[in-house]
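Here is how the chains run, residue by residue.
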Amino acid sequence: MQKEKLFGKTLNELVAVTKRVSLPGFAALQIADWLYKKEISTIDEMTNLSKKMREVLSNDYELGLSAPVSEKESPDGTKKYLYNVLNNKFIETAFIPDDDRATICVSSQAGCKMGCIFCMTGRQGFQGNLSSNEILNQFRSLPEFNRLTNMVFMGMGEPLDNIPEVLKTLEILTSEWGYGWSPTRITVSTVGLKNSISEFLEKSRCHLAVSLHSPFDEERRDLMPIQRTNTIKEVLDIIRNFDFNSQRRVSFEYILFKGMNDTPAHIKELARILNGIKCRINIIRFHKIPDSPYSSPDMDYTIRFKEALNAKGILTTIRASRGEDIGAACGLLTTLEQNKTRKP
Ligand code: SF4
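Cut-offs and rules
Residues numbered from 1 in each chain as written. Predicted model: local features only at pLDDT ≥ 70, side-chain atom pairs only at ≥ 80, totals over all residues. Heavy atoms only, no water. Helix = DSSP H or I, 4+ residues; strand = E, 2+ residues; numbered from the N terminus. Rg over C-alpha atoms; globule rule 2.2 N^0.38 Å. Buried < 20%, exposed > 50% of the residue type's maximum accessible area, 1.4 Å probe, protein only. Contact = heavy atoms within 4.5 Å. Axes fitted to C-alpha atoms, helices over the stretch in contact; angles between N-to-C directions. Parallel < 35°, antiparallel > 145°, perpendicular 65-115°, else oblique. Left-handed = near helix turned anticlockwise from the far one by under 90°. Nonpolar A, V, L, I, M, F, W, Y, C, P; charged D, E, K, R; others polar. Near = heavy atom within 4 Å. Disulfide = S-S within 2.5 Å. Pairing = 2+ DSSP bridges. Polar contact = N/O pair within 3.5 Å; in protein donor to acceptor, adjacent residues only side chain to side chain. Right-handed = clockwise from strand over helix to strand, strands pointing away.

Engineer: Tell me what's going on with the overall build of the protein, and back it up with residues and numbers.
Structural biologist: A tally of helices and strands in the protein yields twelve helices and 14 strands. Taking 344 residues into account, the globule formula puts the C-alpha radius of gyration at 20 Å, and the protein, at 21 Å, falls close to it. Its C-alpha atoms give the protein principal-axis dimensions of about 70 × 55 × 40 Å. For the protein, with 344 residues in total, the buried portion stands at 55%. Restricting the contact set of the protein to residue pairs at least 6 apart, pairs at least 24 apart contribute 67%.

If you want it as structure tokens, here you go:
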């Protein structure tokens, strides 16, 4: 029988574990300390628990860490790791060093249901939700774990479509008994699931990033099927009505597609729909995926687009393109890996 994994459990869940195996209640905090503050890899290393306690725990539980199965490194320092999850499915995790920052980009699902047409992960379809163990393991088992300063949920999957496990992960990352990270070091990105956005805003203090990509309903619907049931207007209304504290940030991700969403009309409409929201726009250059008709405008044009938005009063930045040579588009590497494993 497979043992349950301790790593990725919240303090409340660890209390339940101690009850189940008849350990004293205070052992939950001790276990959390070993799991999230000390870098142990076996239950036997929890040396302030008696040998007997460790044996009892080990009968039903294991630590539950697993190293990445492969890695690729770009000359710009970006690395992509593949992790094996959900019984032989693959997910991608990126490590992005940048001056004094080092960001991990984690996946929250294997594949994705959202079907955004510019996305390789979307083409894979949905293969399953990751557990908080599998999300947090990407962070803890990353070879650069000790260098990390920031985390973004911008890898495979829609984080708010797996909100219970994502919220558990955020709780572990930001609690005193967990990693004790400031929530302002973490950004969760979403296509805009209206019900889950409200829950995320209420239950977490991390930054929010919304994939916008077009201010026009029909065009956004063509790019992102979610617009049919969760319109950007509904999402913006929720954001507009939420009381953000001064530390918490809302940003909008905007992949610039040449000749499509990069016109003066788009700039005007973006300024109109974002009016009254304290936010920034991150322009992202499109990472080419196979058989896609889309491309990015050149850098000069992209800079002019950014400056036009800044002139309208919207703080806009261009996200540096990283790791192009190692399949920067999310989902490319796992698609290759899956094709490999499917071959006879
Ligand atoms: S862009 Fe994100 S939400 Fe859309 S299909 Fe890809 S992984 Fe899913």
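More follows now that the structure is in view.
Engineer: Describe the packing of helix α6 (residues 163-174) against helix α7 (residues 194-203), listing the residues and the values that go with them.
Structural biologist: At a minimum axis distance of 11 Å, the contact between α6 and α7 shows a crossing angle of 15 degrees. Classified by the angle their axes make, α6 and α7 are roughly parallel. When you trace α6 past α7, the crossing you get is right-handed. Note on element contacts: α7 touches α6 through S196, E199, F200 and K203, opposite I163, L167 and L170. Tallied by class, residues from the contact of α6 with α7 come to four nonpolar, one polar and two charged.

Engineer: Describe the site of the ligand, listing the residues and the values that go with them.
Structural biologist: If you check the shell around the ligand, you find C112, M114, G115, C116, C119, T121, G122, G157 and V191 and nothing else. When grouped by side-chain class, the residues that make up the shell around the ligand number five nonpolar, four polar and no charged.

Engineer: Help me get a handle on unusual backbone geometry, residues and values and all.
Structural biologist: Positive phi outside glycine occurs at L86, with the angle close to 45 degrees. Relative to the helices and strands, L86 resides in the loop between β4 (79-85) and β5 (89-98). Note on L86: relative accessible area 27%, which makes it partly exposed. Look at N87: it is not a glycine, yet its phi comes out positive at around 60 degrees. Position of N87 relative to the elements: it lies in the loop between β4 and β5. Overall, the relative accessible area of 73% leaves N87 in the exposed class.

Engineer: Report on the state of the cysteines, specifying residues and quantitative values.
Structural biologist: Simply put, disulfide is the name for a covalent bond between the sulfur atoms of two cysteines. Applying the stated criterion across every chain yields a total of zero disulfides. C279 forms no disulfide, and the closest cysteine sulfur to it belongs to C206, at a distance of 19 Å. Judged by relative accessible area, C279 falls into the buried class, the value being 14%.

Engineer: Let's hear about the sheet that holds strand β10 (residues 186-190): which residues, and what values?
Structural biologist: Taken in spatial order, the ten strands make up an open sheet running β3-β4-β5-β6-β9-β10-β11-β12-β13-β14, and their pairing is mixed. Edge strands, defined here as strands with exactly one partner in the open sheet, are β3 (70-73) and β14 (315-319). Strand-to-strand twist in this sheet, taken as the mean axis angle between neighbours without regard to direction, amounts to 20 degrees. Strand direction decides the pairing type here: β5 and strand β6 (residues 101-105), joined by five bridges, are antiparallel. Across the sheet, the residue bridging to F95 is I104, located in β6. Across the sheet, α7 lies against β10 and β11 (207-211), angled at about 165 degrees from β11, the strand it touches most.

Engineer: Hey, could you go over the side chain of N261 for me, with residue numbers and the actual values?
Structural biologist: Residue position: N261 is located in the loop between β12 (250-256) and α10 (264-273). Overall, the relative accessible area of 0% leaves N261 in the buried class. Of the polar contacts made by the side chain of N261, one reaches the backbone oxygen of H213; its length is 2.7 Å. Discounting residues that sit within four places of it in the chain, N261 has contacts with H213, E219, Y254, I255, L256, H266 and F305.

Engineer: Tell me about the pairing of β10, residues and numbers included.
Structural biologist: Within a regular beta strand, the side chains point alternately toward one face of the sheet and then the other, so they alternate between its two faces. Burial of β10 is extensive: five of the five residues sit out of reach of the surface. Residues I186, V188 and T190 line one face of β10 and the alternating positions T187 and S189 line the opposite face, and both faces are buried. In this structure, strand β9 (residues 150-153) lies alongside β10, joined through three bridges in parallel fashion. Within β10, the residue paired with F153 across the bridge is V188. For the crossover from β9 across α6 to β10, the handedness is right-handed. Sheet topology places β10 next to β11; four bridges connect them, and they run parallel.

Take it as geometry only, folks, not as evidence of what the structure does.
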